[in-house]
Every structure is written in C-alpha cells, then in structure tokens.
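Below are the chains, spelled out letter by letter.
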Amino acid sequence: MFGGVVLFAIGLVLHFAPWLLNWFGKLPGDIRIETRHSKVFIPVTSMIVVSVALSVIINLFKK
C-alpha cells in the first residue's frame with residue numbers, strides 16, 4: 001500500500017506541479033546524445049540522487 005501511495009503522490013506532483021521536477025535529467029553527469037536520426041538519454045546523476053534519497057527514506061522507516 002505504501003508503494004501505491006508514493007506513486008499516487010508522484011502522479012499528483014507531475015500533474016499539478018511539473019515545475020518541481022524540472023531538475024530531473026538536467027544535472028551534470030546526465031548523458032544526452034542527440035544526432036539527426038536518434039536520441040539517447042542516460043540519467044546517471046539523476047538516478048544516483050534518486051537512489052540516495054530512497055535509501056535515506058527506507059532507512060528512516062526501518063528504525
């Protein structure tokens with residue numbers, strides 16, 4: 001149930017306040033390769049930030 005609540009909250013933020021997540025994918029270290037025929041986007045730094053944030057949140061609830 002907790003996962004559903006989190007996904008619902010993220011959906012609300014994306015729907016009503018998309019400017020709160022404008023930073024995602026634009027951090028230094030995120031790889032973006034655009035050619036005439038293709039686009040590749042690898043959000044390395046953004047995923048590290050998300051991973052650290054989730055680890056902190058999970059560890060707070062474990063204790």
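Everything here concerns the structure above.
Residues numbered from 1 in each chain as written. Predicted model: local features only at pLDDT ≥ 70, side-chain atom pairs only at ≥ 80, totals over all residues. Heavy atoms only, no water.

## Considering the environment of glycine 4
Phase 1 of the analysis: By the element assignment, glycine 4 lies in helix α1 (residues 2–16).
Phase 2 of the analysis: Each C-alpha atom of the pair glycine 4 and isoleucine 33 lies 34 Å from the other, and the pair is 29 residues apart in sequence. (Helix = DSSP H or I, 4+ residues; strand = E, 2+ residues; numbered from the N terminus.)

## Quick word on the pairing of strand β1 (residues 31–34)
The side chains of a regular strand alternate, first on one face of the sheet and then on the other.
Phase 1 of the analysis: Where β1 meets strand β2 (residues 39–42), 4 bridges bridge the pair, whose relative direction is antiparallel. Residue pairing in the sheet places isoleucine 33 in a bridge with valine 40 of β2.
Phase 2 of the analysis: Taking the residues between adjacent antiparallel strands as the criterion, β1 and β2 are bridged by 4 residues. (Pairing = 2+ DSSP bridges.)

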